[in-house]
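# Coordinate analysis (summary)
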Amino acid sequence: MSVSSQLSRIKETINEACEECGRDAENITIIGVTKYVSIDRAKETLAAGVTNLGENRKEEFLEKYEAIGKEAIWHFIGSLQSRKVRDVINEVDYIHSLDRKSLAKEINKRAERIVPCFVQVNISGEESKHGLAPDEVETFIESMANYENIKVVGLMTMAPHEEEEEALRAVFRKLRALRDIIRDKQESHAPCEWLSMGMSNDYRLAIEEGATHIRVGSSLVG
Ligand SMILES: *Cc1c(COP(=O)(O)O)cnc(C)c1O
């Protein structure tokens, strides 16, 4: 199916979810995750009106970036090895996977501007998942004040696969509660207003629980 027809269905779902909880769909950013697909399909995604694109590996990101460039807003959503930071940091617009000091240090050193970052949190505690434990997040974000090229714009999480609705909602709610605590401190290096949560299977629930950025791959470009 074309990206634009799949996008229409996703937008309908977003509108329904927003009506359900009294939010404005304008405040939800759709990040089209193009990691599975070709450069042509990524171009089709952009042409369909999705200007925010997400990639999770350096090599694939750079390939697409070379072909598409600054027409898209680029989100790096995968775990990032410190030694690869210098290859992508001045090309990407946002990092969604800041989860350790060594990475922050490397970003700070290599970036030629202030980089807006989401701090990744492992709410579910699954060992396979990256991210800080919830009780580490506040201290970690406080320490980000030492890195002048990092701005913490929000929190990001990945919910477990194939969970019951209530379990997924609980994950999203916990991330939101953590976001509220940090946002309310009003630190200039960490406005932390945004929530990057929700993927193809659970973005509707994530929106109902406060997501501002959803990361949809298979249901949009697959
Ligand atoms: C692959 C990926 C997505 C998109 O997953 P879908 O289930 O295909 O929508 C979102 N976020 C991250 C971090 C990913 O790696």
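- Per an unreviewed UniProt entry, the chain carries the name Pyridoxal phosphate homeostasis protein and comes from Halobacillus campisalis.
- Turning to the chain, the UniProt record has this under Function (unreviewed entry): "Pyridoxal 5'-phosphate (PLP)-binding protein, which is involved in PLP homeostasis."
- As stated in UniProt under Sequence similarities (unreviewed entry), the record for the chain gives "Belongs to the pyridoxal phosphate-binding protein YggS/PROSC family."

### Concerning the overall build of the chain
- Counting secondary structure elements, the chain contains 9 helices and 8 strands.
- Taking 17 Å as the expected radius of gyration for a compact globule of 222 residues, we find that the chain reaches 17 Å, a close match to that expectation.
- For the chain, the spread of C-alpha atoms along the principal axes amounts to about 45 × 40 × 30 Å.
- The burial tally for the chain puts 51% of its 222 residues in the buried class.
- Long-range contacts, defined here as pairs at least 24 residues apart, represent 53% of the contacts in the chain between residues at least 6 apart.
- Between the centroid of the 30 positive side chains of the chain and the centroid of its 39 negative side chains there is a distance of 5 Å.

### Remarks on the packing of aromatic side chains
- Enumeration according to the criterion identifies 6 aromatic pairs in this entry.
- Their ring planes at 75° and their centres at 5.5 Å tell us that phenylalanine 61 and tryptophan 74 sit as a pair that is edge-to-face. Of this pair, phenylalanine 61 sits in helix H3 (residues 58-68) while tryptophan 74 sits in strand S3 (residues 73-76), and the two are 13 residues apart along the sequence. You'll find phenylalanine 61 and tryptophan 74 in the same group, each marked buried.
- Within the aromatic cluster, the residues linked to one another by ring pairs are Phe61, Tyr65, Trp74 and Phe76.

Cut-offs used in this document
- Residues numbered from 1 in each chain as written.
- Predicted model: local features only at pLDDT ≥ 70, side-chain atom pairs only at ≥ 80, totals over all residues.
- Heavy atoms only, no water.
- UniProt positions renumbered as here; feature names shortened; annotations may be inferred.
- Helix = DSSP H or I, 4+ residues; strand = E, 2+ residues; numbered from the N terminus.
- Rg over C-alpha atoms; globule rule 2.2 N^0.38 Å.
- Buried < 20%, exposed > 50% of the residue type's maximum accessible area, 1.4 Å probe, protein only.
- Contact = heavy atoms within 4.5 Å.
- Lys, Arg positive; Asp, Glu negative; His and termini not counted.
- Charge placed at Lys NZ, Arg CZ, Asp CG, Glu CD.
- Phe/Tyr/Trp six-rings, centres within 6.5 Å; stacked < 30°, edge-to-face > 60°.

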